[in-house]
Amino acid sequence: MSFATFTDTHVGQRTQKDKWGYADYLDRLAEDIMDNTLPCEFVVHLGDGSNDNTAFVNGVGLPQSIDPYKNNFKAFLVSHLNLPFHYAGGNIDLTDYSDGPGLPQHDDDPFVLLRTYVNETELNHYPYAMMRNGILFLALPETAYEMWTRPALYEWVQFMTTYYHDSTTIIFSHQAIEDTTPHDGDPLSTYRGKQDQAWWANLFQKNPQIKMWIHGHNHMPGWYQGSQSSGRSRPIQNFGHEMAFSAPYPQMDWGNYLEEDTIVIYTISSTGVTTRAWENNGAGGHWVSGYDITWKVPTTYDANAEDWYSFPALIQDGETQLTDMKVLASKITLQLVGTEPVELFCDPHMETKGSHVNENILGFDDDLTSRVTANTPGMTVHGAWKLTFPPKQEWDKYCHDGRGGQPYQYFSVGTSPAAVPGASYTFTMTAKSASGKGKVNVTASCSDWGTKSQYSTLSGSSSQVFSHDFGSSYETVSGTYTVPNDANAWFIQGILDFADSTDYDVSYFSIKRTRTTDTTDDFHVSLSGQSYNVAGTLNRFETKDFSVNPVELANRDGVIKFTASIKGNHYGMARLIYHAPLLMGRNARYKVNSVRGNTYDITLMAKLSGYSNTFNMFPFSTKYGGVEIRADDGSGENHTSKNKNQWVACDCSRSGTKVLITYPAQTPRR
């Protein structure tokens, strides 16, 4: 099984830094994957695809003075890859503060950028997983600029590695693990990596099936193999077994370290991993030396194993999450999973220092260097002073990512939780004051989706959570905030008012759903109007599976709608699992009218792409046989590349097009 990798393409960056190196032949590299390289099952992009603005993703709103092709991620790369394209978003793929003259403005709702990536690719959701030929792949897109994993993703990763403990696992991430692969031209420096290194090392120790971590971000190819970290910048971490940490060639280079028009192709077998580099610098594609690696390690690769693709809804009681119908399979499973009480603030122990002089503690605004000292863990606030959360200010061009809470009715991302209408949240703070009498007032509110502005406050939503005089010894104080029962409640925001002129040491700040037990109880999910219920208790990582009819998966508009009712800790995980043979769609959403054998009758409901009017579907794997399409408007086309990748296409410029797709249409290849 072979797959190709791109990373850090930074499409659009050349308009600001024209002396940096960029891949001039992304399109030809993509076409080589279809026709000339080793046959690939899929392509993964490891993040930082474009430069901070939706216009550089799909070309919509590009100024006339800018090259509309080479500054368009969709046109320059994605549209040439007619096979499953898996995107693991990077730190500059989250939020759009519209830097650059003449570019579209999205400052009020900066998550337009993240949704644009979703609309232009096969993405449904962050994070996601897939089982291919007995190998488990976990995709961990970034959810904030700082290199720290969010608590909800910890829960998902721990579940997946527990539930599939016997499957060789490869992790795709934008970020590295610190003290493994090098960065930015210095093979001895490895600081650009996950700052929660100890957490990941502990996970690796418990899961010897995790063999590889493949990432971008460092802008330098590298391979690190071993059972512990190097110790170059932090204490040595023991991984418990030999692992490989791989950074393939990036396609943007700011230091003249490498050839940008180069990618790495990985091949996985039952006996190990091999890699080779492929170059296309305008003179024709060809193999090149520089990343020739053979790692002999037993894996669970099995060409006849069942494949699947899945994504989770990490969801609160009363919360609604929406995504588009993009994946097509006749066999679909909804898996309800119990969780522990999940932390909803990004970094409750304040273990992560901010990335620039005006942000000292992750998750807060107004934490200026003169007013806040990062103790990592914890912080010292030099009162009187007020901190606000989540951070919304764009302090400089390197710090406009992970701002502003999270997208409305979408997956958990950012630095504070979704404000579920009518829900109750417990705020907890552990602190002390140098004077022995330091008052702290904590108030909370929620932003107003009705305004579509992250800077808004929903009318009537503001209330005091607690007011307490902290003494000279650490005390832990809790209070409750209840969200108004209003559908426009967007995400929780608040103010920590350190009212007195004294130093406050704060070691903990937490937001969790107010709970009656620590378990997921009476977990009920309405999935596009269909009910799936688990009565009683689901302990942590206990599961219950339900078969889902693809006709009933999405509503009449082709939208998949999760709504949860959960007692106990009011939190759970709902996984959608699409079993192979399956197809992945791009550029439009649809609804399924019927499934007859291996023929799907679907209706295209809405174009999602701002660039393309063509609806595409790609077989998840080449091993299940071919695919055929017929569209009622006569626009259906069947395609096969020289490397035997097959896909189908039809026009999606208008809604209501009826399409028949037959898959598998041929005898599976073994």
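It should be emphasised that the depicted structure is a prediction, and the values quoted were computed from it without experimental measurement.

**Q** What exactly am I supposed to notice about the environment of Phe470 here?
**A** The residue Phe470 is located in strand S26 (residues 463–470) in this model. When its relative accessible area of 0% is taken as the criterion, Phe470 is described as buried. Residues Phe470 and Asp505, 35 residues apart in the sequence, show an inter-C-alpha distance of 9.8 Å. If near-sequence neighbours (up to four positions away) are discounted, Phe470 is found in contact with Met429, Ala431, Lys432, Ser433, Gly436, Lys437, Gly438, Val440, Glu475 and Val477.

**Q** Got a minute to help me understand the packing of aromatic side chains in this structure?
**A** Aromatic ring pairs are defined here through the distance separating the ring centres and the angle between the ring planes. Under the criterion given, the structure shown has 51 aromatic pairs. Between the aromatic rings of Tyr164 and Trp308, the centroid separation amounts to 5.1 Å while the plane-to-plane angle is 40°, which identifies the pairing as tilted. Within this pair, whereas Tyr164 is found in the loop between helix H5 (151–163) and strand S7 (169–173), its partner Trp308 is found in strand S15 (residues 308–316), the two being separated by 144 residues in sequence. When sorted by exposure, Tyr164 lands in the same class as Trp308, which is buried. Here the aromatic residues Tyr154, Trp199, Trp200, Phe204, Trp213, Tyr224, Phe239 and Phe245 are joined through ring pairs into a cluster of three or more. One cation-aromatic arrangement involves Arg115 over Tyr410; the distance from NZ or CZ to the ring centre is 4.1 Å.

**Q** Just checking my understanding: could you explain helix H1 (residues 26–35) for this structure?
**A** Two residues of an α-helix separated by three or four positions point the same way, owing to the 3.6 residues in each turn. Among the 10 residues in H1, seven count as buried, and that is most of the element. Restricting attention to buried positions, one finds in H1 the residues Leu26, Asp27, Leu29, Ala30, Asp32, Ile33 and Met34. On its buried face, H1 is in contact with strand S1 (2–6), strand S3 (42–45), helix H3 (73–76), strand S12 (262–269), strand S13 (272–279) and strand S41 (646–651).

**Q** Looking at this structure, I do not really get the pairing of strand S36 (residues 588–596). What am I missing?
**A** Regular strands show a simple pattern: their side chains alternate between the two faces of the sheet. Here eight bridges tie S36 to strand S37 (residues 599–607), and the two strands are oriented antiparallel to one another. In the sheet register, Ser594 faces S37, and the bridge partner there is Asp601. What sits between S36 and S37 in their antiparallel hairpin is a turn of two residues, with Gly597 showing a positive phi close to 65°.

**Q** Would you take a moment to explain the sheet that holds strand S39 (residues 628–631) for this structure?
**A** Two orientations exist for strands paired in a sheet by backbone hydrogen bonds: parallel and antiparallel. The strand order S36-S37-S42-S39 describes an open sheet built from four strands, whose pairing is antiparallel. A single partner strand is all that each edge strand has here, and the edge strands are S36 and S39. Here the average twist between neighbouring strands, direction ignored, is 25°.

**Q** Looking at this structure, I do not really get the layout of surface pockets. What am I missing?
**A** The method is simple in principle: a probe with the dimensions of a water molecule rolls over the atoms, and the space it marks as empty is what remains. Within this model, the second largest pocket holds a volume of roughly 450 Å³. Around the second largest pocket sit 23 residues that line it, and Trp148, Pro151, Tyr154, Pro348 and Glu351 are the ones nearest its centre. Going through the elements one at a time, H5 and strand S29 (503–513) are the ones with two or more residues in the lining of the second largest pocket. With four residues, H5 is the single largest residue contributor to the lining of the second largest pocket. For the lining of the second largest pocket, the residue count by class is nine nonpolar, five polar and nine charged.

Analysis parameters
Residues numbered from 1 in each chain as written. Predicted model: local features only at pLDDT ≥ 70, side-chain atom pairs only at ≥ 80, totals over all residues. Heavy atoms only, no water. Helix = DSSP H or I, 4+ residues; strand = E, 2+ residues; numbered from the N terminus. Buried < 20%, exposed > 50% of the residue type's maximum accessible area, 1.4 Å probe, protein only. Contact = heavy atoms within 4.5 Å. Phe/Tyr/Trp six-rings, centres within 6.5 Å; stacked < 30°, edge-to-face > 60°. Lys NZ or Arg CZ within 6 Å of the ring centre and 35° of its normal. Pairing = 2+ DSSP bridges. Axes fitted to C-alpha atoms, helices over the stretch in contact; angles between N-to-C directions. 1 Å grid on protein atoms, 1.4 Å probe; cavity = no way out; pocket = protein on both sides within 12 Å on 5 of 7 lines; lining within 4 Å. Points joined across faces, edges and corners; volume = space filled by probe spheres on them. Nonpolar A, V, L, I, M, F, W, Y, C, P; charged D, E, K, R; others polar.

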